[in-house]
Amino acid sequence: MGAWVSVLLGMDGAEAAAAAAGAGPAAVGLGDLPELCAAQVLLRLDPPEICRLARLNHAFRGAAGADFVWEAKLPENYSYLMEFVGSGDEGRRRRRRAGKKEIYARLARPVPFGDGQKEFWLDKSKGMICMALSSKALVITRIDDRRYWQHMPTSESRMFKVKKRAYPVQRAPALCGVWRRVLVASLTFACAMRGDRDSNPGPSGHRRFQSVAYLQQIWWFEVVGEVDFCFPVGTYSLYFRVHLGKFYKRFGRRHFSSEHVHGWDKKPVRFQLSTSDGQQALSQCYLEEPGSWVLYHAGDFVASKPDQPMKLKFSMAQMDCTHRKGGLCIDSVLFYPKGKGFQQERVVRSQK
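Counting restarts for each chain, with residues numbered from 1 along the sequence as it is written. Per-residue local features are limited, in this predicted model, to residues with pLDDT of at least 70; the limit for side-chain atom pairs, both in listing and counting, is 80 or more; totals at the level of whole chains, interfaces and linings are taken over all residues. To get the side-chain values, all heavy atoms of the structure are used, and hydrogens and water are removed first.

(A) Summary view of the side chain of Asn57. Every helix listed is a DSSP run of H or I at least four residues long, and every strand listed is a run of E at least two residues long, numbered separately from the N terminus. With respect to the helices, strands and loops of the structure, Asn57 is situated in the loop between helix 4 (47-53) and helix 5 (58-63). In the analysis that follows, any N or O atom pair within 3.5 Å is treated as a polar contact, provided that within protein one partner can donate a hydrogen and the other can accept it, and provided that, for residues neighboring in sequence, both atoms belong to side chains. At 3.0 Å, the side chain of Asn57 and the backbone nitrogen of Phe60 are in polar contact.

(B) Representation of the confidence of the model for the chain. Scored from 0 to 100, pLDDT records how confident the predictor is in each individual residue. Summarising the model, the chain shows a mean pLDDT of 79, and 72% of its residues fall at 70 or more. With pLDDT under 50 throughout, residues 178-185 is counted as low confidence; its partners more than four residues away or in other chains account for nine contacts. The low-confidence segment residues 194-207 (pLDDT under 50) makes 48 contacts with residues lying over four places distant or belonging to another chain. We call two residues contacting when some pair of their heavy atoms lies within 4.5 Å.

(C) Structural detail: the sheet that holds strand 4 (residues 139-140). Spatial ordering of the open sheet is given by 4-7-14-11-12, a layout of five strands whose pairing is antiparallel. On the outer flanks of this sheet lie strand 4 and strand 12 (280-285), each paired with one strand and no other. Pairing between two strands requires that DSSP report at least two bridges joining them. As paired strands, strand 11 (residues 269-275) and strand 12 are joined by six bridges and run antiparallel to one another. Its bridge partner lying in strand 12, Arg270 is registered against Gln284.

(D) Region of the structure containing the pattern of salt bridges. Put simply, a salt bridge is a Lys or Arg side-chain nitrogen that is within 4 Å of an Asp or Glu carboxyl oxygen. Enumeration according to the criterion identifies seven salt bridges in this entry. Two residues, Arg346 and Glu289, come together in a salt bridge whose shortest N-O distance is 2.1 Å. With a gap of 57 residues between them, Arg346 in strand 16 (residues 346-349) and Glu289 in the loop between strand 12 and strand 13 (293-303) connect regions that are remote in the sequence. To sort residues, take the accessible area from a 1.4 Å probe on protein chains only and compare it with the maximum for the residue type: under 20% means buried, over 50% means exposed, and anything in between is partly exposed. The partly exposed category is assigned to Arg346, whose relative accessible area is 36%. Taken together, the shared-partner salt bridges in this structure form one network comprising Glu288, Glu289 and Arg346.

And the structure:
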């Protein structure tokens with residue numbers, strides 16, 4: 001740092017050494033940076049980077065709690081999204097008391113709605129949302145006829161696995177109510193913002209919808225869904241998460257059977273997507289890779305009005321009745337910001 005200062009002041013090496021000896025040890029460091037300056041730096045970073053930099057010193061730690069820093073990272077319609085968190089008068093009171101940092105932390109974790117068959121969460125890098133709909137939230141032809149379909153309990157229905165952690169604050173009744181809430185909020189935020197698999201939303205993490213829909217055989221295959229939601233501004237992609245073959249566990253190891261897999265190589269499956277503002281997407285592809293979960297891309301759509309609900313309708317169908325098809329598991333429909341990468345799932349782009 002001494003050499004850097006000497007360059008700025010135009011001093012040579014001898015003069016710099018004499019000045020340093022007369023001035024004594026440096027009393028100014030990065031920790032003395034004003035919090036407002038530190039906050040301006042944080043405004044240019046992604047939330048995970050803000051959390052890492054907050055561990056650097058007290059200036060960044062203080063700036064990382066500023067409401068205006070986290071409000072800049074929230075979607076424009078975060079108030080609408082928070083309406084899904086909690087219920088009743090108590091839920092409204094908590095939402096009013098929550099700071100922007102606490103709001104971000106809550107939206108970064110899965111928020112259930114639609115009788116628990118749908119969930120959304122905030123994407124930490126893009127400021128947009130992700131969403132998942134379970135197979136029970138979809139309209140599937142003849143789903144109630146056990147000759148064709150069955151809901152199969154499984155641990156492989158993927159969303160997010162959020163581990164329940166026993167925080168020490170829960171065993172400290174001596175803390176007053178205000179500081180207790182502050183400590184719980186801080187621990188919750190730290191858990192939500194960690195970059196590990198347990199708290200990072202997406203197919204690389206798990207939480208179970210508890211079951212998938214398994215098709216034994218059918219002539220007319222059609223899966224239809226719709227959602228009415230105020231999406232934050234951005235471009236989103238829609239995926240169907242499916243699996244060819246019936247999987248099971250034996251002696252702790254995963255196995256799968258392709259006994260009922262047939263008919264998917266004869267004609268392609270057609271995917272459709274339409275929105276209430278006139279956007280449409282139509283594509284098709286053959287189902288492949290038995291034994292693995294695959295994300296089939298059905299189309300993209302653009303959300304430009306975060307304060308207005310957008311109604312989406314989407315479908316996956318193979319309605320050629322000249323042959324039967326079967327042996328298919330349907331887990332969920334996923335909405336992700338376009339360009340989102342997937343580490344543990346294969347993505348198939350359908351052909352138009």
